[in-house]
Each structure stands twice: as structure tokens, then as C-alpha cells.
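Residue-level structural notes
The chain contents come next:
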Amino acid sequence: MLISPNELLKKIEKPDLILVDSRSYKDYLEGHIPGAVNLDFFYYHWSDTSKDGINAFEKQMENLLSFLGVTNNKTVVFYDEISGMSAARGVWTLMYFSHPNTFMLDGGFKKWKSLGLVTETKTNGFKPEKFSGKINKDVIAGYEYINKKIGKIKLLDARGKDEYNGVTIRAARKGHIPTAINIDWMLNVNDDGTMKSNEDLAKTYNFSKDDEIITYCQGGYRAANSFVALKLLGFKNVKVYLGSWGEWGNKLDLPIELSKT
């Protein structure tokens, strides 16, 4: 799921590579890895995980991945400024469609630049192809499923402490999903932008491999990074709550919890 800058350098001119800069277009224009196209996943928030909502999400993503030129024989590498949340969302999205070869650049553009590797400023165009993938429902969760399973699953809130505690409010209601534990996604990342070692991650995520774990945040991006971290550790039963607090916190009939401290 991770690829190092040096490993990417060996693949960079191969025709079966799609390299996706998932930062903002402004950052992309200021400099990017040669051959990269720009796709900022933050434009694709999704906060409806009803059955119809998920079907619409799948159609949107199929169109987006077709525009990107993804086919099953392509290797798709996403990168961010660091081993970040937008690139992780890209990896999770392709895993949702059972794509066999998708990676996040470990350390992102920050690490690439720190190694003195070449960059460019010219814009690269998309080469659309018809994308189709097999949906993998094992990596996604919706609000109805979570509401039925509270107390039987491990809920992982990847937001910052103030959001979890309700100090920072970004929805109609504040707080977190009942029983959720708070592990800020930034604990996954080293100072140089790379993902922490599996040894360090295992100390953070001291869970049972038998646990069913659902990660969430505000919009499913930080949650995707924590999903990647857990997958790196070998956890099998991990899902991202796509709607996250942006959906849950705005649905007034769903239960919430506020920290007592």
C-alpha cells in the first residue's frame, strides 16, 4: 500500500503507471512529480450513506476513475504533501473497487523534494478510459449499519481531540459516535511526512485482530489514512464510514456522546 520515492522513480516512465497528485491545483502548479496529473479528492465529499446515496457515490467514482484513465492493468500511485489523507482516500477508493495495484507515496511530495528528486511545473492531461471495478462492501460502512452495531464494533474517531470532545463544532451537533475512541490520524505520520513504522503503529492501535473496526472523521479522509495504517498492520476487518461526522452529526435522530472531561 506504500511505495517509496526511490521505488516510484523506477516506475515513473512506465506506460502502465498513473501518478495522481491529490493536493490542491495551486500546489500542483507550483511544482509536482514529473508525469503526475492533478485530482484533488477534497472536491468529492460524500455525506449520504443511505442505500441510494452509496449507489450514487459509486457512479460518481466510476465516472471520476474513468476520467483518470484507471484500468485493471494500471498501477495507480496517489501522493499528497505527506503520507496524507487525500492520497489515502484515493487508495481506499480504489480498494473499494477491488483494484489490484494502488499505492500511496510514502512521505508524499515533502519527502520527494527532501531527497532532491526532479520536479516539474507543466500541467499533464488526463487520458480517459472506461473504468469498471468489483465493489468491495467489506471496506465501507454507512450510518444505518453503524447504528445497529454500536457496542459490538470498535469505532475509531480519527479527528482531533477538540472535535471529538465537542469543543470544535463542525456539524449541527457536537461530540462523537457513542463508544468511539479517539486516535488522531496525525499519530500515524512521522515528522518527515512518512508513515510511522509498523512497530510504532502497533503501539498506537493496540487492538485485537478479531475486532471489527470502523474509522470515521469529518468527511472520510482522515479516516482513510487510519484505514491504511490499520491495513498495514494486518487488520482484516476494517471499514471507513464514508459519511463520517459530516453525516452523523447532522442526522438529529442518531445517538451522540459527549466526553465527560
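What counts, and at which threshold
As a convention, each chain's residues are numbered from 1 in the sequence order in which they are written. Since the coordinates come from a predicted model, pLDDT governs what is reported: local features require at least 70, and pairs of side-chain atoms require 80 or more to be given and counted, while whole-chain, interface and lining totals use all residues. Water and hydrogen atoms play no part in the side-chain values, which are based on all heavy atoms of the structure. Here a strand is any run of E in DSSP of at least two residues, a helix any run of H or I of at least four, and the numbering for each starts at the N terminus. C-alpha atoms define the radius of gyration in this analysis, and the globule rule sets the expected value at 2.2 Å times the number of residues to the power 0.38. In what follows, a contact means two residues having at least one pair of non-hydrogen atoms within 4.5 Å. Only four residue types enter the charge count: Lys and Arg as positive, Asp and Glu as negative, with His and the chain ends excluded. Taken as the charge location is NZ of Lys, CZ of Arg, CG of Asp or CD of Glu. Helix axes use the C-alpha atoms of the stretch in contact, all axes being lines fitted to C-alpha atoms, and the angles between their N-to-C directions lie in the range 0 to 180 degrees. Oblique is the label for any angle not covered by the other classes, which are roughly parallel (under 35 degrees), roughly antiparallel (over 145) and roughly perpendicular (65 to 115). Put simply, a crossing is left-handed when the front helix is turned counterclockwise from the back one by less than a right angle, and right-handed when it is turned clockwise. By nonpolar core is meant a set of buried Ala, Val, Leu, Ile, Met, Phe, Trp, Tyr and Cys residues that side-chain atoms within 4.5 Å join together. For every residue, the accessible area (1.4 Å probe, protein chains only) is compared with the maximum for its type, and the residue is labelled buried under 20%, exposed over 50%, or partly exposed between those bounds. By this definition, two strands are paired if DSSP reports at least two bridges between them. Expected span of a helix, by definition, is 1.5 Å for each gap between consecutive residues, and there is one gap fewer than residues. Throughout this description, the term salt bridge denotes a Lys or Arg side-chain nitrogen within 4 Å of a carboxyl oxygen of Asp or Glu. What counts as a ring pair is set by centres within 6.5 Å for rings of Phe, Tyr and Trp (its six-membered ring), and what kind of pair is set by the plane angle: stacked under 30 degrees, edge-to-face over 60, tilted for all other angles. Geometrically, a charge over a ring is one whose NZ (Lys) or CZ (Arg) sits within 6 Å of the ring centre while staying within 35 degrees of the ring normal.

Turning our attention to the overall build of the chain. A count of helices and strands for the chain gives 10 helices and 10 strands. Taking 261 residues into account, the globule formula puts the C-alpha radius of gyration at 18 Å, and the chain, at 18 Å, falls close to it. Each principal axis of the C-alpha distribution contributes one length, and for the chain these read about 50 × 40 × 35 Å. A fraction of 77% describes how many contacts in the chain between residues 6 or more apart in sequence connect residues 24 or more apart. In the chain, 35 positive and 32 negative side-chain charges are present, and the distance between their average locations comes to 3 Å.

With that settled, consider the packing of helix H4 (residues 85–96) against helix H9 (residues 222–232). As a packed pair, H4 and H9 sit with axes 7 Å apart at the nearest point and diverge in direction by 65°. Here H9 runs roughly perpendicular to H4, going by the angle between their axes. When you trace H4 past H9, the crossing you get is left-handed. Facing Met-85, Ala-88, Arg-89, Val-91, Trp-92 and Met-95 of H4, the residues of H9 in contact are Arg-222, Ala-224, Asn-225, Phe-227, Val-228 and Lys-231.

Ranked by internal contacts, the top residues of the largest apolar core, which has 50 residues, are Val-20, Leu-68, Val-70, Phe-78, Trp-92, Tyr-205 and Leu-230. Every element with two or more residues in this core is listed here: strand E2 (17–21), helix H3 (51–68), strand E4 (75–79), H4, H9 and strand E10 (238–241). In this structure Leu-230 touches Leu-156, Tyr-205, Phe-207, Ile-213, Thr-215, Phe-235 and Val-238, once residues within four positions along its chain are discounted. Listed in part, the 15 residues of the second largest apolar core include Ala-141, Tyr-143, Ile-146 and Leu-155.

With respect to topology, five strands assemble into an open sheet ordered E6-E10-E9-E7-E8, the strand pairing being parallel. Because the sheet does not close on itself, it has two edges, and the strands there are strand E6 (140–141) and strand E8 (181–182). Sheet analysis places E6 next to E10, joined by two bridges and oriented parallel. Opposite Ile-140, over in E10, you have Val-240 as the bridge partner. Those strands touched by H9 are strand E7 (154–157), strand E9 (213–216) and E10, and its axis lies near 175° from that of E10.

Over its 18 residues, H3 extends 26 Å from the first C-alpha to the last, a length consistent with the 26 Å expected when each residue adds 1.5 Å. Among all positions in H3, only Gly-53, Ile-54, Phe-57, Glu-58, Met-61, Leu-64, Leu-65, Ser-66 and Leu-68 are buried. Lining the buried residues of H3 we find E2, strand E3 (37–38), H4 and E6. Gly-69 occupies a position one or two residues after H3 and carries a positive phi of about 95°.

With that out of the way, let us pick up the pattern of salt bridges. Considering all chains together, one arrives at 11 salt bridges under this definition. With a closest N to O distance of 3.2 Å, Arg-23 and Glu-81 form a salt bridge. With a gap of 58 residues between them, Arg-23 in the loop between E2 and helix H2 (25–30) and Glu-81 in the loop between E4 and H4 connect regions that are remote in the sequence. For Glu-81, a relative accessible area of 31% corresponds to the partly exposed category. Put simply, Lys-149 and Glu-212 hold a salt bridge, and the shortest N to O gap is 3.6 Å. Separated by 63 residues along the polypeptide, Lys-149 in helix H6 (residues 143–149) and Glu-212 in the loop between helix H8 (198–204) and E9 bring together distant segments of the chain. On the accessibility criterion, Glu-212 (11% relative accessible area) is buried. Among the charged side chains, a network of salt bridges with common partners joins Asp-21, Arg-23 and Glu-81.

Turning to the packing of aromatic side chains, a few remarks are in order. Following the criterion strictly, the structure yields 14 aromatic pairs and no others. Aromatic pair Tyr-25 and Tyr-28: ring centres 6.1 Å apart, planes at 25°, arrangement stacked. Of this pair, Tyr-25 and Tyr-28 both sit in helix H2, three residues apart, which is roughly one turn of the helix. Taking the relative accessible area as the measure of exposure, Tyr-28 reaches 0% and is therefore buried. Linked through ring pairs, Trp-46, Phe-57, Trp-92, Tyr-96, Phe-97 and Phe-131 together constitute an aromatic cluster. Over the aromatic face of Phe-235 sits the side chain of Lys-209, whose NZ or CZ is 4.4 Å from the ring centroid. Taking the ring centre of Tyr-143 as reference, the NZ or CZ of Lys-251 above it sits at 4.6 Å.

That is the geometry; function is a separate question.
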